[in-house]
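Survey of secondary and tertiary structure
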Amino acid sequence: MSAFLLTSCTTSDSGEDTTAPRPSSPAPSPTRTTPEPSEPSEKDLTERAQAAIAAVRSGTLVEAGVERVSDGIHTEPGLSKGKTYRLNLVCAGSGSAQVRFVPTQAGTAASVPCDESVVQQRITGDELVRINVNGAEGSTGVIAWQIDAL
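Residues numbered from 1 in each chain as written. Predicted model: local features only at pLDDT ≥ 70, side-chain atom pairs only at ≥ 80, totals over all residues. Heavy atoms only, no water.

**So, the overall build of the protein chain**
In terms of helices and strands, the protein chain carries 2 helices and 6 strands. For the protein chain, the α and β elements follow one another from N to C terminus as α-α-β-β-β-β-β-β. Each of the 150 residues in the protein chain was classed as buried or not, and the buried ones make up 29%. A separation threshold of at least 6 residues defines the contact pool for the protein chain, and within that pool the share at least 24 residues apart is 74%. Counting only carbon and sulfur atoms, one obtains 52% of the accessible surface of the protein chain, whose full area is about 9,700 Å². (Helix = DSSP H or I, 4+ residues; strand = E, 2+ residues; numbered from the N terminus. Buried < 20%, exposed > 50% of the residue type's maximum accessible area, 1.4 Å probe, protein only. Contact = heavy atoms within 4.5 Å. Areas by Shrake-Rupley, 256 points an atom, 1.4 Å probe, with all protein chains shown as cover.)

**Looking at helix α2 (residues 42-55)**
With 14 residues, α2 ought to run about 20 Å at 1.5 Å a step, and its terminal C-alpha atoms sit 20 Å apart, in line with that. By the burial criterion, the buried members of α2 are L45, T46, A49, A52 and I53. Along the axis of α2, the buried positions cluster into a sector of 130°, meaning they face one direction only. Turned more than 90 degrees away from the buried face of α2 sit K43, A54 and A55, all of them exposed. Residues of α2 that are buried in the fold lie against β1 (60-68), β3 (84-102), β4 (110-124) and β6 (140-149). (Expected span 1.5 Å × (residues − 1). Arc of directions from axis to C-beta.)

**Looking at the state of the cysteines**
Under the defined criterion, the tally for this structure stands at 1 disulfide. Two residues, C91 and C114, share a disulfide whose sulfurs are 2.0 Å apart. Because the torsion about its S-S bond is 65°, the bridge between C91 and C114 counts as right-handed. In this pair, C91 sits in strand β3 while C114 sits in strand β4, placing the two residues 23 residues apart along the sequence. Each member of the pair, C91 as well as C114, carries the same accessibility label: buried. (Disulfide = S-S within 2.5 Å.)

**Looking at the pairing of strand β5 (residues 130-135)**
Sheet topology note: the strand β2 (residues 73-75)/β5 ladder contains 3 bridges and is antiparallel. Bridging from a neighbouring strand, I73 pairs with V133 of β5. Strand direction decides the pairing type here: β3 and β5, joined by 6 bridges, are antiparallel. Paired with V102 across the bridge in β5 is R130. (Pairing = 2+ DSSP bridges.)

**Let's talk about the environment of S58**
Checked against the element boundaries, S58 lands in the loop between α2 and β1. Each C-alpha atom, one on S58 and one on N88, is 9.6 Å from the other, the two residues being 30 residues apart in sequence. In this view, S58 contacts R86, D148 and L150; residues no more than four positions away in its chain are not counted. Within the structure, the side chain of S58 is placed 3.3 Å from the side chain of R86, a separation counted as a polar contact. (Polar contact = N/O pair within 3.5 Å; in protein donor to acceptor, adjacent residues only side chain to side chain.)

Written out as structure tokens, the structure reads:
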């Protein structure tokens, strides 16, 4: 009878061998990872910056454009001496940019954060006005700009 008990302990009713080692935990399931959100493309950033500029347009368009932050904006628009203009700037991406004017009395130097907010600047026309917008070190994205006559 002891042989029978020994046998009954090592086999199951289904005929499965219960002496074989069984895994102590279930087999690992494939790990699903959520992909990191990718950076917006230059095209997407350009569209977003242009949409922000279009939302604040006022006056008659004089000049406009979109540039990479790394390239900056360097323009000498044809402005009439003594007339008032509005410069709208939007930087979409990361970091910031600095706007400066030559001559300095044409406008006020300012910082432009690359958070898609609109920075507006009044400009007084002169014989020659140069607008320089340069990205801070490490800044990426695009800068949309527009000059309107008021």
